[in-house]
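A structural walkthrough
Spelled out, the chains give:
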Amino acid sequence: MTSPSFHQPRGPQQQSPGKACVIGHPVDHARSPIIHGFWLEQLGLAGSYHREDVAPHELAHFIRTLAQRGYRGCNVTIPHKEAAAACVDHITPLAESAGAVNTIWVEDGETWGDNTDVAGFLAHLDASAPQWRDGCRNAVIVGAGGAARAVIAGLMACQVETIGVFNRTPERAHALQQRWPSITVLDASTVMDALPHADLLINATSIGMNGPNDRPLDILTLKRSAIVCDIVYVPLETALLRDAAGLGLVCVDGLGMLLHQAVPGFERWFGRKPVVSEELRQRVISDLNLARR
Ligand code: NAP
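These numbers were taken from a predicted model, which means no experiment stands behind them. (Residues numbered from 1 in each chain as written. Predicted model: local features only at pLDDT ≥ 70, side-chain atom pairs only at ≥ 80, totals over all residues. Heavy atoms only, no water.)

1. Here's the deal with the site of the ligand
The full set close to the ligand counts 20 residues, and A147, N167, R168, T169 and G254 are the nearest of them. Between an oxygen atom of the ligand and a main-chain N or O atom of G146, the distance comes to 3.0 Å. Mapped by element, the contributors of at least two residues to the shell around the ligand are α7 (146-157) and α11 (255-270). Class assignment of the residues belonging to the shell around the ligand gives a composition of nine nonpolar, eight polar and three charged. (Near = heavy atom within 4 Å. Polar contact = N/O pair within 3.5 Å; in protein donor to acceptor, adjacent residues only side chain to side chain. Helix = DSSP H or I, 4+ residues; strand = E, 2+ residues; numbered from the N terminus. Nonpolar A, V, L, I, M, F, W, Y, C, P; charged D, E, K, R; others polar.)

And the structure:
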C-alpha cells in the first residue's frame, strides 16, 4: 500500500510575525485557535491565529483579500469547505479529488487550497492503528458529506481495494460514485452484508453527537480484527466506539484527525512543523469538557 504525495510546503515568505485565521459561519465552535495557539506558545513564535465569521456571500472576496488583511492563510470550516475550492487560484490534487478545501495559504500573491482532512485522517489512523496498512482490503464508510469525501480520497490514495459507502440520502452516495466510479453504494440491507467482510469501518457523519444511543449501525457482525473509526469528537467516545471497545475492536477517535489536519497549515503559515502531542490533546479535551458544562 502506498502513501499519497502531498503538496510540499515552501514555508512563509514574509518576515513579519505570521497571522492566520479560521473562517466559518458561525465560527465560535472552531477549536483551531486552541490548537494553533498552543503550538505558537510552545514554539515561542510571535504569530497569531484568529476566528473570522465570514458569511457565504462574503467568502470569495475574503479569500481574495487574505493578504491585504494581513493573513498568510486560513483554515476553512462549515459551511465553506466545498465553496472555498472554487475561490482559490490553485488547488492541490488531493483537494481537487476531495472537492473541498480546508486550508488556504498565499504564495507569490496567489491563493492555494489544500484538503488536510485527508492527511489528518490518514496520520491519525497510522498513529492509532498502524497495522491497517498491511491488512486493509475492504472499507465501509457511513456518510457522503464533506468529511466522507476526505476519507474516500485518503483511502483511494492508499489503494484500499473495495470501498463501500452507505448514506441516509442515497443520492449523495451516488454523487460520490460519479467522482470515484470504483466505490460501491450500499443501502440499509447491503451494508449489513458488507460488514462481516470489512477491515475498516468509518463513521463520517455527525451521528453520535446526539446522546449515548446515537449510533449509525449495529456492528455485532464485524470481524474481531476490524478497526472502527469515528470522526465525531464530541463526545470523544461515541456510542459506535463504545460498542467497538466492548467487542474488543481497535478504536480510532475523531479528535486525532482534528489535531493532525492542523499540522500542514501551521507549517506553511509559521514555518515550523509542530508535533501532535498528548499535552495538546489534553488541552483540547479540557476545552471540549468546559464547553459542555
Ligand atoms: P456534511 O457535509 O454536512 O455531511 C453530513 C453527513 O452526516 C451526511 O452524510 C449526512 O447524511 C449525515 N447525517 C447527518 N445527520 C444524520 C442523521 N441524523 N442520520 C443519518 N445521517 C446523518 O458534514 P461533514 O463536513 O461531512 O461533517 C460530518 C461530521 O464530521 C461533523 O460532525 C463534523 O464535525 C465531523 N468532522 C470531523 C472532522 C475531524 O477532524 N474529526 C473533520 C471534518 C468533519 P445526509 O446526506 O443523508 O444528510
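After that view of the structure, there is still more to cover.
2. Quick look at the packing of helix α5 (residues 116-128) against α7
Two elements in contact, α5 and α7, have axes separated by 8 Å at closest approach and are oriented at 65°. Of the possible angle classes, the one that applies to α5 and α7 is roughly perpendicular. Note on packing geometry: the crossing formed by α5 with α7 is right-handed. On α7, the residues touching D117, V118, F121 and L122 of α5 are A150, V151, A153, G154 and L155. Grouping the constituent residues of the contact of α5 with α7 by class yields seven nonpolar, one polar and one charged. (Axes fitted to C-alpha atoms, helices over the stretch in contact; angles between N-to-C directions. Parallel < 35°, antiparallel > 145°, perpendicular 65-115°, else oblique. Left-handed = near helix turned anticlockwise from the far one by under 90°. Contact = heavy atoms within 4.5 Å.)

3. Quick word on the pattern of salt bridges
Within this structure, the stated rule accounts for seven salt bridges. D243 serves as the salt-bridge partner of R215, at 2.7 Å between the closest nitrogen and oxygen. Note that R215 is positioned in the loop between β10 (200-203) and β11 (227-230) and D243 in helix α10 (residues 239-246), a separation of 28 residues in sequence. Take R215: its relative accessible area is 30%, and that puts it in the partly exposed class. A relative accessible area of 23% means that D243 is categorised as partly exposed. (Salt bridge = Lys/Arg side-chain N within 4 Å of Asp/Glu carboxyl O. Buried < 20%, exposed > 50% of the residue type's maximum accessible area, 1.4 Å probe, protein only.)

4. Observations concerning the packing of aromatic side chains
The way to describe two aromatic rings as a pair is by their centre distance and the angle between their planes. One pass over the structure, following the stated rule, counts six aromatic pairs. Both rings, one in F62 and one in Y71, keep their centres 6.4 Å apart while their planes meet at 35°; by these two values the pair is tilted. For the pair F62 and Y71, one class covers both residues: buried. Seen in terms of ring centroids, W269 and F270 are 6.3 Å apart; in terms of plane orientation they differ by 85°. Their pairing is edge-to-face. Given a relative accessible area of 8%, F270 falls into the buried group. By way of ring pairs, the aromatic residues W39, Y49, F266, W269 and F270 are connected into one cluster. Above the face of the W180 ring, R179 is positioned so that its terminal group lies 5.9 Å from the ring centre. In this structure, R268 is placed above the aromatic ring of W105, and the distance from its NZ or CZ to the ring centre is 3.4 Å. (Phe/Tyr/Trp six-rings, centres within 6.5 Å; stacked < 30°, edge-to-face > 60°. Lys NZ or Arg CZ within 6 Å of the ring centre and 35° of its normal.)

5. Topic: the sheet that holds strand β2 (residues 48-53)
Adjacent strands of a sheet pair through backbone hydrogen bonds, lying either parallel or antiparallel. Pairing is mixed across the open sheet formed by six strands, whose spatial order is β2-β1-β3-β5-β6-β4. Two strands bound the open sheet, and with one partner strand each, they are β2 and β4 (90-91). In this sheet, β2 lies alongside strand β1 (residues 19-24) in parallel orientation, the contact comprising six bridges. Residue C21 lies in a different strand from β2, and its bridge partner there is H50. Contacts from helix α1 (residues 32-42) reach β1, β2 and β3 (73-76), with the element oriented near 165° to β2. Packed on one face of the sheet, α11 meets β1, β2, β3, β5 (103-107) and β6 (110-114) and runs near 15° to β5. (Pairing = 2+ DSSP bridges.)

6. So, the side chain of D253
As for its placement among the helices and strands, D253 is situated in the loop between β12 (250-252) and α11. Taking relative accessible area as the criterion, D253 reaches 15% and is therefore assigned buried. From its side chain, D253 meets the backbone nitrogen of L255 in a polar contact 3.0 Å long. If near-sequence neighbours (up to four positions away) are discounted, D253 is found in contact with H124, D230, L236, L241 and R281.

7. A look at α10
Those residues of α10 not exposed but buried are A239, L240, L241 and A244. Against the buried residues of α10 lie β10, β11 and β12.

8. Focus: the nonpolar core
The biggest cluster of nonpolar side chains holds 34 residues, and the ones touching the most others in it are W132, I141, L155 and L200. Counting residues per element, the ones that place at least two in this core are α4 (93-98), α5, β7 (138-142), α7, β8 (162-166), α8 (170-179), β10 and β11. In terms of residues, this core owes the most to one element, α7, which gives six residues. If sequence neighbours within four positions are ignored, L200 has contacts with L125, W132, C136, N138, A139, V140, L155, I227 and C229. (Core = buried A, V, L, I, M, F, W, Y, C linked by side-chain atoms within 4.5 Å.)

By themselves these figures say nothing about function.
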